[in-house]
Amino acid sequence: MSKKWPYPRLIAHRGGGRFAPENTLAAMRCGLDYGFDMVEFDAKLSKDNVLILLHDDDVKRTSNGQGLAAEMTYAELLELDMGQWHSAYYAGEPLPKLESIVRFAIENNIICNVEIKPCPGREKITGKLVAEAVARWFKGAEIPPLLSSFSAEALEAAYKAAPELPRAFLCDEYDATAKKVAKKLACVAVNPDQKTLTEKVIKAIHKDGYRICAWTVNDYRRAKELFAWGCDAIFTDELERLPASMA
Ligand code: G3P
Ligand code: MG
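Note that the structure is a prediction, hence the values are computed from the model and not measured. (Residues numbered from 1 in each chain as written. Chains lettered and ligands numbered in written order. Predicted model: local features only at pLDDT ≥ 70, side-chain atom pairs only at ≥ 80, totals over all residues.)

Quick look at unusual backbone geometry
Thinking step 1. The linkage connecting W215 with the following residue, T216, adopts the cis geometry, with an omega of -25°.
Thinking step 2. For T216, the position within the fold is in the loop between β8 (211-214) and α8 (220-228).
Thinking step 3. Its identity is not glycine, yet N109 carries a phi of approximately 55°, on the positive side.
Thinking step 4. Residue placement: N109 occurs in the loop between α3 (98-107) and β4 (111-116).
Thinking step 5. Positive phi values are uncommon outside glycine, yet A186 reaches one of about 50°.
Thinking step 6. As for its placement among the helices and strands, A186 is situated in the loop between α6 (176-184) and β7 (189-192).
Thinking step 7. Assessed through the 11 C-beta atoms surrounding it within 10 Å, A186 is described here as exposed. (Helix = DSSP H or I, 4+ residues; strand = E, 2+ residues; numbered from the N terminus. Buried ≥ 20, exposed ≤ 12 C-beta atoms within 10 Å, placed from the backbone.)

As structure tokens, this is what we get:
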């Protein structure tokens, strides 16, 4: 198992969990306000290859617009309101560039997990551009950002572009394929769906040499159980309920 593991046990999912509109600057502020040392967010490319934060391929669920992000320029994406869907309080929140989020994280000493979430068909270019930019922005950082992806292709491109950055392979469960990808891409961690984790599975993953960040744990008892079994970190939306006793 990788000896050097500088990451905390609790990671704020999509920045602010359920308390702020996901993948926005407001969400990162929220994670920080709740005392989180580490945030996770989803990065992809706009049509004109600007690195942005967005979870879905489509902007519909998390904005007042519609359409595929891959078919919208950054200028078009900037017209969207990314906060109103969450609550009136966050109305007018813009879609952020990855660069602005990284700047905020560096200024506030927040550790980042950059999930590479490519639009379909743009896996390689997204992995490459995310890794190149992140490596440049975080050069010399005490704790490097963790890169992760469900896309082996994107993660491989990231590996080639910035081999020095630690990687985690996101998977539904730690099966033979996940094991193979994690080995091939020299990952430090695998990030499985928490539902698939048992004490036995956790031990097996550790034995294979990987840390474990489980997504997404919003139940206190389940979080306690996973940590008791040796799980290294969890992503959570429950910024208020979990941290005090567990960080
Ligand atoms: O990286 C952990 C978690 O964010 C993976 O699932 O769909 O929320 O990006 P998703
Ligand atoms: Mg994610």
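Once the structure has been displayed, the description carries forward.
Side note on the pairing of β7
Working note: regular strand, side chains alternate between the two faces of the sheet.
Thinking step 1. Burial along β7 is two-sided: A189 and N191 and V190 and P192, pointing in opposite directions, are all buried.
Thinking step 2. One ladder, built from four bridges, connects strand β6 (residues 167-171) with β7; its direction is parallel. Directly across from C171, in β7, lies its bridge partner P192.
Thinking step 3. Chirality of the crossover, the property in question, places the unit of β6, α6 and β7 among those that are right-handed. (Pairing = 2+ DSSP bridges. Right-handed = clockwise from strand over helix to strand, strands pointing away.)

Some points on the nonpolar core
As a rule of thumb, soluble globular proteins bury nonpolar side chains together.
Thinking step 1. Ranked by size, the top nonpolar core spans 82 residues in total, and within it A158, F169, V190 and I234 carry the most contacts.
Thinking step 2. Per-element tally for this core: the top contributor is helix α5 (residues 152-161), with six residues.
Thinking step 3. Apart from the residues lying within four places of it in its own chain, the contact partners of F169 are L155, A178, V181, A182, L185, C187, V190 and N191. (Core = buried A, V, L, I, M, F, W, Y, C linked by C-beta atoms within 7 Å. Contact = placed C-beta atoms within 7 Å.)

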